[in-house]
Amino acid sequence: MSLAGKTIVVTGAASGIGQASSKELKRQGATVIGVDLNPVEDVDDWKKTDLAEPGLIDDLLDELPAGISGLANIAGLPPTAPAEAVLRVNVKALQRLTLGLIPKFADGASIVNLASLAGNGWRNAVDQIKEFESTDWAGVADFVAKHNMEANARSYFFSKEVVRVWTMLHRWTWRDRGIRMNAVSPGPVETPILPDFLATLGERAAHHMAIMDRPGRPEDIAPVVAFLMSDESAWMRGANLSVDGGLYANMLVRDYGLEG
């Protein structure tokens, strides 16, 4: 598998999964444009951008070149951040950047959204997800208040549920140009924001950590992002790949009584 000749944009490239993915994409021959508010190393170009500001996203869209082969939407805020910020950065910014880049994508381009095991409950939130899809940037504050998104890290879980659904909705949107969209859902990963998750999720997170052999590492996720950027994944559309050390499978067999 080679990514030679491909230009790929990676958001959140300064640390964690974004940094590891940028390095892996470079290792496989891609030209990488890293997007982050903090300095990004080991990429071909760094675009300093605050994804919490829609005007700066629009400026970034003007700066990025044509002929982009892929976009890895990895930037995101943890559940300890204010709910409005979480929904704006994790969802609205991701959508604004992705849709804005469509005219600049090369035919056959790949979009990879970093979702999460936290998004597995999307089936129970369909009505809220539909409502949120009709909410603009300014309307996020009212949505947060209406649905009590500050409680129990709900904003983070909801943001990943929306990303999972949005990925499926766009399975064929640009099929005439061969542009595909897929998602990757990690479990707990050793990144700078892992302590935020453990502190916020409490007993649930402690239970997950207790049954795993180890947390994930960014280097466990990066090759999956690279695969979805490659031509070998060209027929994958709207898929979600769980990369979680078996945690989701464990939840399923427990919930459905498949063991014992």
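None of the values given here were measured: they were computed from a predicted structure.

Undergrad: What is the right way to read the overall build of the protein from this model?
TA: Helix and strand content of the protein: 10 helices and 7 strands. The C-alpha atoms of the protein give a radius of gyration of 18 Å, which matches the 18 Å a tight globule of 260 residues would have. By principal-axis analysis of the C-alpha atoms, the protein measures approximately 50 × 40 × 35 Å. In the protein, which comprises 260 residues, the share counted as buried stands at 52%.

Undergrad: Mind showing me how you'd approach the packing of aromatic side chains here?
TA: We describe a pair of aromatic rings using the distance from one ring centre to the other and the angle between the two ring planes. Summed over the entire model, instances satisfying the criterion amount to 4 aromatic pairs. Through a chain of ring-to-ring contacts, the aromatic side chains of Phe132, Phe143 and Phe158 assemble into a single cluster. It is Lys92 that lies over the ring of Phe132; its NZ or CZ is 4.4 Å from the centre. Just above the ring of Trp172 sits the side chain of Arg175; from NZ or CZ to the centre is 4.3 Å.

Undergrad: Any chance you could explain the sheet that holds strand 6 (residues 180–186) here in plain terms?
TA: Strand order in the open sheet formed by 7 strands is 3-2-1-4-5-6-7, and the pairing between neighbours is parallel. Where the open sheet ends on each side, the last strands, each with one partner, are strand 3 (45–48) and strand 7 (240–243). Averaged over all adjacent pairs, the angle separating strand axes in this sheet is 20°, with direction ignored. Relative to strand 3, strand 2 (residues 31–36) runs parallel, the two sharing 4 bridges. Following the sheet pairing, Asp36 is matched in strand 3 by Lys48.

Undergrad: Sorry, what's going on with the pattern of salt bridges here?
TA: In this structure the tally under the stated criterion is 12 salt bridges. A salt bridge links Asp107 to Arg177, with the shortest nitrogen-to-oxygen separation between them at 2.9 Å. Of this pair, Asp107 sits in strand 5 (residues 105–114) while Arg177 sits in the loop between helix 6 (154–169) and strand 6, placing them 70 residues apart in sequence. The exposure class assigned to Arg177 is partly exposed, which follows from its relative accessible area of 26%. Among the charged side chains, a network of salt bridges with common partners joins Asp45, Lys47 and Glu63.

Undergrad: It is not clear to me how the packing of helix 2 (residues 54–63) against helix 3 (residues 83–101) should be interpreted in this structure. Could you clarify?
TA: Between two packed helices, the angle of one axis relative to the other and the distance separating the axes together describe the packing. The geometry of helix 2 relative to helix 3 is characterised by a closest axis approach of 10 Å and an angle of 25° between their N-to-C directions. One way to sum up the angle between helix 2 and helix 3 is to call them roughly parallel. In terms of crossing hand, the pair formed by helix 2 and helix 3 is right-handed. The residues of helix 3 that touch helix 2, namely those facing Pro54, Ile57, Asp58, Leu60 and Leu61, are Ala93, Arg96, Leu97, Gly100 and Leu101. For the contact of helix 2 with helix 3, a count of residues per class yields 7 nonpolar, 1 polar and 2 charged.

Undergrad: What am I meant to see in helix 1 (residues 16–27) here?
TA: Structural remark: α-helix, 3.6 residues per turn; residues separated by three or four positions point the same way. The first and last C-alpha atoms of helix 1 sit 17 Å apart over 12 residues, in line with the 16 Å expected at 1.5 Å per residue. Every buried residue belonging to helix 1 is among Gly16, Ile17, Gly18, Ala20, Ser21, Ser22, Glu24 and Leu25, and all of these are buried. Backbone geometry just downstream of helix 1 places Gly29 in the positive-phi region, at approximately 105°.

Undergrad: Looking at this structure, I do not really get the side chain of Asn120. What am I missing?
TA: Residue position: Asn120 is located in the loop between strand 5 and helix 4 (126–133). Reaching out from Asn120, the side chain makes a polar contact with the side chain of Arg164 at a distance of 2.6 Å. With sequence-adjacent residues up to four places away left out, Asn120 is seen in contact with Arg164 and Tyr248.

Calculation criteria
- What you see as residue numbers is a count from 1 along each chain, following the sequence as written.
- Whole-chain, interface and lining totals are the exception, using all residues; otherwise, since this is a predicted model, local features are given only for residues with pLDDT of at least 70 and side-chain atom pairs are given and counted only at 80 or more.
- With hydrogens and water set aside, each side-chain value is computed from the structure's full complement of heavy atoms.
- Secondary structure follows DSSP: runs of H or I at least 4 residues long count as helices, runs of E at least 2 residues long count as strands, and numbering of each begins at the N terminus.
- With the radius of gyration taken over C-alpha atoms, the globule rule is written as 2.2 Å times the number of residues to the power 0.38.
- Buried residues are those whose accessible area, probed at 1.4 Å on protein chains only, stays under 20% of the maximum for their type, while exposed residues exceed 50% and partly exposed ones sit between those limits.
- Planes of paired rings set the category: under 30 degrees apart is stacked, over 60 is edge-to-face and the rest tilted, where pairs are Phe, Tyr or Trp rings (Trp by its six-membered ring) whose centres lie within 6.5 Å.
- Look at NZ for Lys and CZ for Arg. If either is within 6 Å of the ring centre and within 35 degrees of the ring normal, a charge sits over the ring.
- Should DSSP find at least two bridges between two strands, the strands are regarded as paired.
- Under this scheme, a helix contributes an axis fitted over its contacting stretch, all axes are lines through C-alpha atoms, and angles between N-to-C directions fall in the 0 to 180 degree range.
- Only one rule defines a salt bridge in this text: a Lys or Arg side-chain nitrogen within 4 Å of an Asp or Glu carboxyl oxygen.
- When describing relative orientation, an angle under 35 degrees is termed roughly parallel and one over 145 degrees roughly antiparallel, while 65 to 115 degrees is termed roughly perpendicular and anything else oblique.
- Helix crossings get a hand from a simple test, with the near helix turned counterclockwise from the far one by less than a right angle marking a left-handed crossing and a clockwise turn marking a right-handed one.
- In what follows, a contact means two residues having at least one pair of non-hydrogen atoms within 4.5 Å.
- Gly is put with the polar residues, along with every residue not named as nonpolar or charged; the nonpolar set is Ala, Val, Leu, Ile, Met, Phe, Trp, Tyr, Cys and Pro, and the charged set is Asp, Glu, Lys and Arg.
- Between the first and last residue of a helix there are one fewer steps than residues, each counted as 1.5 Å, and that sum is the expected span.
- Pairs of N or O atoms within 3.5 Å make up the polar contacts considered here, provided that, within protein, one atom can donate a hydrogen while the other can accept it, and that residues adjacent in sequence are counted only when both atoms are side-chain atoms.

So yeah, pure geometry; function would need other evidence.
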